[in-house]
Amino acid sequence: MDSTGVPHVLEHTVLCGSQKYPCRDPFFKMLNRSLSTFMNAFTASDYTLYPFSTQNPKDFQNLLSVYLDATFFPCLRELDFWQEGWRLEHENPSDPQTALTFKGVVFNEMKGAFADNERVFSQHLQNLLLPDHTYAVVSGGDPLCIPDLTWKQLRHFHATHYHPSNARFFTYGSFPLEQHLKQIHEEALSKFQKIELSTAVPPQKPWDKPREFQITCAPDSLAADSSKQTTVSVSFLLPDITDTFEAFTLNLLSSLLIGGPNSPFYKALIESGLGTDFSPDVGYNGHTREAYFSVGLQGIADKDVQTVRDIIDRTLEDVIAKGFEGDRIEALLHKIEIQMKHQSVSFGLALTSYIASCWNHDGDPVELLQLGRHVAQFRQCLKENPKFLQEKVKQYFKNNQHKLTLSMTPDDQYSEKQTQMETEKLKRKVSSLSLEDKQQIYEKGLELQTQQSEAHDASCLPALKVSDIERSIPFTELAVVPAAGNVPVQYCAQPTNGVVYFRAFCSLHSLPPELGPYVPLFCSVLTKLGCGSLDYRQQAQQIELKTGGMSAAPHVLPDDSQLDTYEQGVLFSSFCLDRNLPDMMHLWADIFNSPCFEEEEHFRVLVKMAAQELSNGVPDSGHLYASICASRTLTPAGDLQETFSGMEQVRLMKGVAEMADIAPVLEKLPRIQQYLLDCENMRCSVNATPQQMSQTEQVVGDFLRSLGRRRLEQEPEPPQVVQKPAPPGWGSSSHVSGSQVLRKLITDPTFRPCQMKTHFLFPFPVNYVGECVRTAPYTDPDHASLKILASLMTAKFLHTEIREKGGAYGGGAKLSHNGIFTFYSYRDPRSTETLQAFAEAVDWARSGRFSQQDIDEAKLSVFSQVDAPVAPSSKGMDHFLYGLSDELKQAHREQLFAVHRQGLIDVSDKYLGIGRSPHGLALLGPENMKIASDPSWIIR
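Residues numbered from 1 in each chain as written. Predicted model: local features only at pLDDT ≥ 70, side-chain atom pairs only at ≥ 80, totals over all residues. Heavy atoms only, no water.

1. Remarks on the overall build of the protein
Threshold: Note on conventions: DSSP H or I runs of at least 4 residues are helices, E runs of at least 2 residues are strands, and numbering of each starts at the N terminus. Only C-alpha atoms enter the radius of gyration; for comparison, a globular chain is expected to reach 2.2 Å times N to the power 0.38, where N is the number of residues. Accessible area is worked out with a 1.4 Å probe on protein chains only. A residue is then buried under 20% of its type maximum, exposed over 50%, and partly exposed in between. Any two residues whose heavy atoms approach within 4.5 Å at even a single point are treated as in contact. The Shrake-Rupley method, run with a 1.4 Å probe sphere, supplies the accessible areas, and residue values consider only the shown protein chains as cover. In this tally, Asp and Glu contribute negative charge and Lys and Arg positive charge; neither His nor the terminal groups of the chain are included. Taken as the charge centre is NZ of Lys, CZ of Arg, CG of Asp or CD of Glu, depending on the residue.
Counting its secondary structure elements, the protein contains 34 helices and 27 strands. The globule rule puts the C-alpha radius of gyration for 940 residues at 30 Å, and the 28 Å found for the protein is close to it. Looking at the protein as a whole, 58% of its 940 residues are labelled buried. Long-range contacts, defined as pairs at least 24 residues apart, comprise 81% of the intrachain contacts of the protein with a sequence gap of at least 6. Accessible surface computed for the protein: about 38600 Å², of which carbon and sulfur atoms make up 51%. Between the averaged position of the 87 positive side-chain charges in the protein and that of its 113 negative side-chain charges there is a distance of 1 Å.

This is the structure:
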């Protein structure tokens, strides 16, 4: 009922020690004591979810025991100064009179979250549209209110909410249900008496007239047009989400209104040229007790707010008058059908998330999952009343007085005002303290610092052993068959539930360097501009009617044995119900043979949307951008990765979106097509059921035979390209039959890695830090040791220094398949101090200050990633993309098992020590005086 973030702080806190497991941070320690494939916790507006998954039955029982005990029996010590809530600590411990500074994981997490303007807008939208109860506050915590939370409030919230009478349990998978129920009963439910709860959220009182609000945000330095940074949306309150059929209908109606280029609001708003993209939270939102629908534009001029509002009203009137085309409705129902059949590795988690809100308000979760019944009922309603959907639009939108118009404009002083409010709050808190209070806080801070530096005994926690890990991987049966002359097609028979998955990889080894930066743009628009005889609207309709989606994405694929060798290309992906395979492949044939690059106006629309999406994504993925930039001077592939998906690409798209004349960019696309869209340098992959294979082989063969070839006679390869046959496993092992694949890899013998330090200035209240080191390729035994070392450093050193002591939301170390070792931090109040922590982590590793138990736990953590479940649709993809045979993966597995203490010390010294290997550093965040005065840093 307030914005102190009490449920969010509690979410972090309860996983930090319990009666049965009285050690610090069981959650993070279990990451290294299990083979979990997922462990996390989420706080929504009105519930907290604690999900985990594993493929090991013993591990499942261990994790369930820890989660149950942590949730219902946490050790809620006096938490005002405990590391997972918030804490006050002196900047200078030698002077108890100095100003106090706030630090804390949740505090910095939320400061980072609200650095994202989309998040600011979405939060205000919900708070203002549902103002009468819990949705009017920030359940995650407002950074200015989090410091007001007291230990007493935290304990009270736990006592009144964390009780089995207020809990719901969801299990999914193949382990016997009876065992779960028995354990849940014995370890939790049997220890409580049922209580009457007062946690129900009352209905929002409907308004008798619409309301309007204006808010401000920070300017976006990446916006294409600095004079067009206003966002406006119109939102409507909808019925209770526990009415499952009405919720289903309104969700469908929302998709008809805003989904894709054939939808009324896309045509009216996106193609108006007034803005860059839909407003945040567009469409149906069913995460609150009463749902809501929102539509609007971002990236508009302030003067166009009323114009956008008028367009929204006019579009609703048009829909009421004209309704929707039958094909659009069929396309949506087809989408539901294919979603029900498509299997992902997170299917169980997706179901949990799907039912959580409705079940939380006592809706029927089983009824919610009966999508087939809802579809049948929907079809019947349309049959009985052709104006069924138009009447819903009239009822819920035109005649709905509970209507909110929200606009958000940038304020140049926004960040300074936020900092000032935080500083003033801190001053008020400090001024209210007596000398005795300050002394006590100072002593508590020292006590906390001491506790954080102490080794903690985790022996009370359950743990798997390295001997519990399977020694061998199950091999995947594959067949590689040449089609249409010489195009290799990999076939992988899998239980795909009647769905066919098709992929094609086309090499770009001969692409002129000046076209490289535009490949991501080419990929993002290729399936959206029209093809063959279809314009872009007709193409979108056919893709929705016949497929589960068609996409293209640039890929940089590292070689497994050489750091300076890589493959660059584009991966085309799609899937469909088996009955629609000929239609899907016909669409691909049209896209490859006759893509449309003439629609300049629609191209401009797509460019603006792509640029806005990239800009919006930076605050949420800052650590990834920092890491990509930090690795760009370490390998040739790293430099290309920065071009394709780093800050360089974000800035390029900003520049393209700013262009008055976009024709020169559009003209580059047919040139890229010449080097890409044929079968000269292509390989294909199909995953389908055994029964579908013969039909699939025929249809894919027809597709390949329809494609053009770029040249009649073989041109000599450029000198930097080497042809590499896929390793044994593609053609010579027992589980892969058929022909061999030649991959065309790019190598640069003149490349010299070097160090570069880059600071991207952003008005964020937190930092994102990345430091990368060039190490060893996948097949080198050192790679396995470095992978274990990254896990070891994260769990045993960096987590304590960066998250517990430093207050960052996240941080650690990881080793990528490409041989780049990365240190990173996320939503971090510190910057240069974190870089120092990275250096100290290397010293810690080189000195061997870890035990055999620590090494074993690191191995468990690594194997939980190595053995993460793979969906039937993705089996064999390591073979297809990277040329990695199961034999190579098994050899790497044995190298991981063989990692030992001295090997870890050796690789930390050999690669990570000062002056041993080239390092790259990058930072996204606010101005920093230390960095600004250091000439070795490049400021961007």
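2. Details of the packing of helix α28 (residues 781-805) against helix α32 (residues 886-898)
What describes two packed helices is the angle between their axes and the distance between those same axes. Counted only if it meets this: For helices, the fitted axis covers only the stretch in contact; all axes are lines through C-alpha atoms, and the angles between them, taken along N-to-C directions, range from 0 to 180 degrees. Throughout this description, any angle smaller than 35 degrees is read as roughly parallel, any larger than 145 degrees as roughly antiparallel, any in the 65 to 115 degree range as roughly perpendicular, and the remainder as oblique. A crossing counts as left-handed when the near helix is turned anticlockwise from the far one by less than a right angle, and as right-handed when that turn is clockwise. The nonpolar class holds Ala, Val, Leu, Ile, Met, Phe, Trp, Tyr, Cys and Pro. Asp, Glu, Lys and Arg form the charged class, and all remaining residues, Gly among them, are polar.
Viewed as axis vectors pointing N to C, α28 and α32 meet at an angle of 55°, and their least axial separation amounts to 8 Å. In terms of axis orientation, α28 runs oblique to α32. Between α28 and α32 lies a crossing whose hand is right-handed. Contacts between α28 and α32 pair Pro 781, His 783, Ala 784, Lys 787 and Ile 788 from the former with His 892, Gln 895 and Leu 896 from the latter. Here the contact of α28 with α32 is composed, by residue class, of four nonpolar, three polar and one charged.

3. Comments concerning the pattern of salt bridges
The criterion, for reference: When a carboxyl oxygen of Asp or Glu lies within 4 Å of a side-chain nitrogen of Lys or Arg, that pair is called a salt bridge.
The full count for this structure, using the stated rule, is 41 salt bridges. Residue Arg 671 pairs with Glu 514 through a salt bridge whose shortest N-O separation is 3.4 Å. In this pair, Arg 671 is assigned in helix α26 (residues 668-676) and Glu 514 in the loop between β15 (499-507) and α18 (519-526), connecting sequence segments 157 residues apart. We classify Arg 671 as partly exposed; its relative accessible area is 35%. A residue is classified by how much of its surface remains accessible, and Glu 514, at 46% relative accessible area, is partly exposed. The salt bridge involving Arg 705 is made with Asp 702; its shortest N-O contact spans 2.8 Å. One end of the pair, Arg 705, and the other, Asp 702, are both in helix α27 (residues 693-705), three residues apart, so they sit about a helical turn from each other. Judged by relative accessible area, which is 52%, Arg 705 ranks as exposed. Each member of the salt-bridge network shares a partner with another, and the members are Arg 33, Lys 796, Asp 854 and Glu 857.

4. Quick look at the sheet that holds strand β24 (residues 810-815)
The strands making up a sheet associate through backbone hydrogen bonding, with each pair oriented either parallel or antiparallel. In plain terms, the rule: Strands are treated as partners if at least two bridges between them are detected by DSSP.
Within the open sheet, the six strands sit side by side as β24-β25-β23-β26-β22-β27. Their pairing is mixed. One side of each edge strand has no neighbouring strand; the edge strands of this open sheet are β24 and β27 (937-939). On average, adjacent strands in this sheet sit at an angle of 15° to one another, irrespective of strand direction. For β24 and strand β25 (residues 820-828), the ladder comprises six bridges, and the chain directions are antiparallel. From the neighbouring strand, Ala 813 faces β25, where its bridge partner is Phe 823.

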